[in-house]
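Working through the structure, step by step
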Amino acid sequence: MREYIAAIVMIIFTSVCFWGMNLFGFANNQHDILWTIGAALALLIILLINVYIYFAICQETPWVWQKDKSEEQE
């Protein structure tokens, strides 16, 4: 269940970031190299924050299937 909550929060965060980037003018300056590098860095930071959000919300639940799988083998 935590995975769904994390996905919703990540989608909301990403949507707000993309809206902010469009509001700031990244879409209007796509042929300028400095704006392009700035957009690439912004997307990388957004991706890293999304990963952090996922692990902050899910905590240990993504690793439960690994524990169950190792217990079955023993």
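Attention here is on the structure that accompanies the text. (Residues numbered from 1 in each chain as written. Predicted model: local features only at pLDDT ≥ 70, side-chain atom pairs only at ≥ 80, totals over all residues. Heavy atoms only, no water.)

1. Overview of helix 1 (residues 2-24)
Taking 1.5 Å of rise per residue, 23 residues should cover 33 Å, and helix 1 covers 33 Å from first to last C-alpha, within 8% of that figure. What helix 1 keeps buried is the set Ala6, Thr14, Cys17 and Met21. Contact partners of the buried residues in helix 1: helix 2 (33-58). Glycine 25, located one to two residues past helix 1, shows a positive phi value of around 110 degrees. (Helix = DSSP H or I, 4+ residues; strand = E, 2+ residues; numbered from the N terminus. Expected span 1.5 Å × (residues − 1). Buried < 20%, exposed > 50% of the residue type's maximum accessible area, 1.4 Å probe, protein only. Contact = heavy atoms within 4.5 Å.)

2. Let's talk about the side chain of asparagine 50
Along the chain, asparagine 50 falls in helix 2. On the basis of relative accessible area, asparagine 50 is assigned to the buried category, the value being 10%. Within the structure, the side chain of asparagine 50 is placed 2.8 Å from the side chain of threonine 14, a separation counted as a polar contact. Beyond its immediate chain neighbours, meaning those up to four positions away, asparagine 50 contacts Met10, Phe13 and Thr14. (Polar contact = N/O pair within 3.5 Å; in protein donor to acceptor, adjacent residues only side chain to side chain.)

3. Quick look at the nonpolar core
Core analysis: the largest hydrophobic core is formed by six residues, namely Cys17, Met21, Phe26, Ala39, Ala42 and Ile46. Counting residues per element, the ones that place at least two in this core are helix 1 and helix 2. In terms of residues, this core owes the most to one element, helix 2, which gives three residues. (Core = buried A, V, L, I, M, F, W, Y, C linked by side-chain atoms within 4.5 Å.)

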